[in-house]
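# Remarks on the overall topology
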Amino acid sequence: MFRKVLFIIGLFFLVQVITSCLFHCPEPGTFENRYYAVQIEARNTSGFYDIPVTDSVFKNTFGLIVAVNFESVQIANKGFSFQVFNTAMAFSCVGDTYLYPDPIDYIEIYVLDTKTQIRQKVSECFGVYGYSTSEPMTLDEFFEIREDWHDGFQFELIDYKTIPDDAVFIAEALLESGQIFTAETAEIHFKTKLKK
């Protein structure tokens, strides 16, 4: 009986070693995502797919895509670890770890009236869809629940009463450290009648 138990344990260990050799995982690393710029693009949301705004668009079919650019810098490998049993039993590898030393705190949206040169904050005029919502949330609501990895945003203009007919939109990405990155769209000419 004792030999059978030893045989089964030895066989189990041998299978684990062979399997782990067949499914070798690369060493996971630790990376820092460091933000360095922001991009903004005006979008026409009237069709099945959003398309870039080339010149003019209806106010009720207008949106913005804002992306905060980053570079990933490897700061460490997790080092050698004896993963014979973990690798063999899970048949999956441990992923890399990404850190955000200076995360995004908020995105502000401004509009510049190109006729009067008056700039005003219009973040409250835009909505964004949350992770499990079918209705757009305010930017304030969204940034309370936003995950650290979320650095690309699609905003829809939901309140267009104060938006001028000829405008440039400006996005400011505010990091927790206080650093600000700014980008702006080309001039947008809004059509006077709303699309039905």
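Now for a quick tour of the structure. (Residues numbered from 1 in each chain as written. Predicted model: local features only at pLDDT ≥ 70, side-chain atom pairs only at ≥ 80, totals over all residues. Heavy atoms only, no water.)

A few words now on the overall build of the chain. On a plain count of helices and strands, the chain comes out with three helices and 13 strands. Counting every position in the chain, which comprises 196 residues, the buried fraction comes to 38%. The contacts of the chain with a sequence gap of at least 6 include a subset with a gap of at least 24, amounting to 70%. Carbon and sulfur atoms make up 57% of the accessible area of the chain, which totals about 12300 Å². (Helix = DSSP H or I, 4+ residues; strand = E, 2+ residues; numbered from the N terminus. Buried < 20%, exposed > 50% of the residue type's maximum accessible area, 1.4 Å probe, protein only. Contact = heavy atoms within 4.5 Å. Areas by Shrake-Rupley, 256 points an atom, 1.4 Å probe, with all protein chains shown as cover.)

It is worth spelling out the nonpolar core at this point. Formed by 37 residues in total, the largest nonpolar core has its most connected members in Phe62, Ile107, Ile109, Phe126, Phe155 and Phe169. Apart from the residues lying within four places of it in its own chain, the contact partners of Ile109 are Leu64, Val66, Gln120, Lys121, Val122, Ser123, Phe126, Leu139, Phe155, Phe169, Ile170 and Ala171. (Core = buried A, V, L, I, M, F, W, Y, C linked by side-chain atoms within 4.5 Å.)

A word on a nonpolar patch on the surface. Nonpolar side chains collect at one region of the surface, where Tyr131, Ile145 and Trp149 lie side by side and expose about 330 Å² of accessible area between them. Tracing the sequence through the fold places Tyr131 in the loop between β8 (126-128) and β9 (137-138). (Patch = residues over 30% accessible without salt bridge, like charges linked within 9 Å, V, L, I, M, F, W, Y side chains within 5 Å. Salt bridge = Lys/Arg side-chain N within 4 Å of Asp/Glu carboxyl O.)

Okay, the packing of aromatic side chains next. This model, assessed by the stated rule, comprises 15 aromatic pairs. Between Phe142 and Phe143, the aromatic rings sit 5.7 Å apart at their centres with planes inclined by 90°, giving edge-to-face as the arrangement. Exposure class is identical for Phe142 and Phe143. Each is buried. When the ring of Phe169 is compared with that of Phe190, the centres are 6.1 Å apart and the planes differ by 90°; the resulting orientation is edge-to-face. Taken as a pair, Phe169 in strand β11 (residues 166-175) and Phe190 in strand β13 (residues 188-190) lie far apart in primary sequence, 21 residues in all. In this pair, the class of Phe169 matches that of Phe190, namely buried. A connected cluster of aromatic rings, assembled from ring pairs, spans Tyr106, Tyr131, Phe142, Phe143, Trp149, Phe153 and Phe155. The ring of Tyr110 has Arg119 lying over it, and the distance from NZ or CZ to the ring centre is 4.1 Å. (Phe/Tyr/Trp six-rings, centres within 6.5 Å; stacked < 30°, edge-to-face > 60°. Lys NZ or Arg CZ within 6 Å of the ring centre and 35° of its normal.)

Negative charge collects at one region of the surface, where Asp105, Glu147, Asp148 and Glu176 lie side by side. For Asp105, a relative accessible area of 43% puts it in the partly exposed group. (Lys, Arg positive; Asp, Glu negative; His and termini not counted. Charge placed at Lys NZ, Arg CZ, Asp CG, Glu CD.)

Let's shift gears to the pairing of strand β12 (residues 180-184). Side chains Phe181 and Ala183 project from β12 onto a buried face, and the interleaved Ile180, Thr182 and Glu184 project onto a face without burial. With five bridges joining them, β11 and β12 adopt antiparallel strand pairing. The residue of β12 that forms the bridge with Ala173 is Phe181. Hairpin connection, β11 to β12: the antiparallel pair is bridged by four residues, and Gly178 has positive phi, about 100°. (Pairing = 2+ DSSP bridges.)

On to the pattern of salt bridges, then. In the structure shown here, the tally under the stated rule is seven salt bridges. Measuring nitrogen to oxygen at the nearest pair gives 3.2 Å for the salt bridge that ties Lys115 to Asp166. Highlighted residues: Lys115 in the loop between β6 (104-113) and β7 (119-121) and Asp166 in strand β11, separated in sequence by 51 residues. Using a relative accessible area of 64% as the deciding quantity, one classes Lys115 as exposed.

Tracing the backbone shows Arg43 in strand β1 (residues 29-44). Of the residues examined, Arg43 reaches a relative accessible area of 13% and is grouped as buried. Here the side chain of Arg43 touches Asp50 through a polar contact of 2.8 Å, landing on its backbone oxygen. Apart from the residues lying within four places of it in its own chain, the contact partners of Arg43 are Asp50, Ile51, Pro52, Val53, Thr61, Phe62, Gly63 and Ile65. (Polar contact = N/O pair within 3.5 Å; in protein donor to acceptor, adjacent residues only side chain to side chain.)

Function cannot be read off these values alone, since they describe shape.
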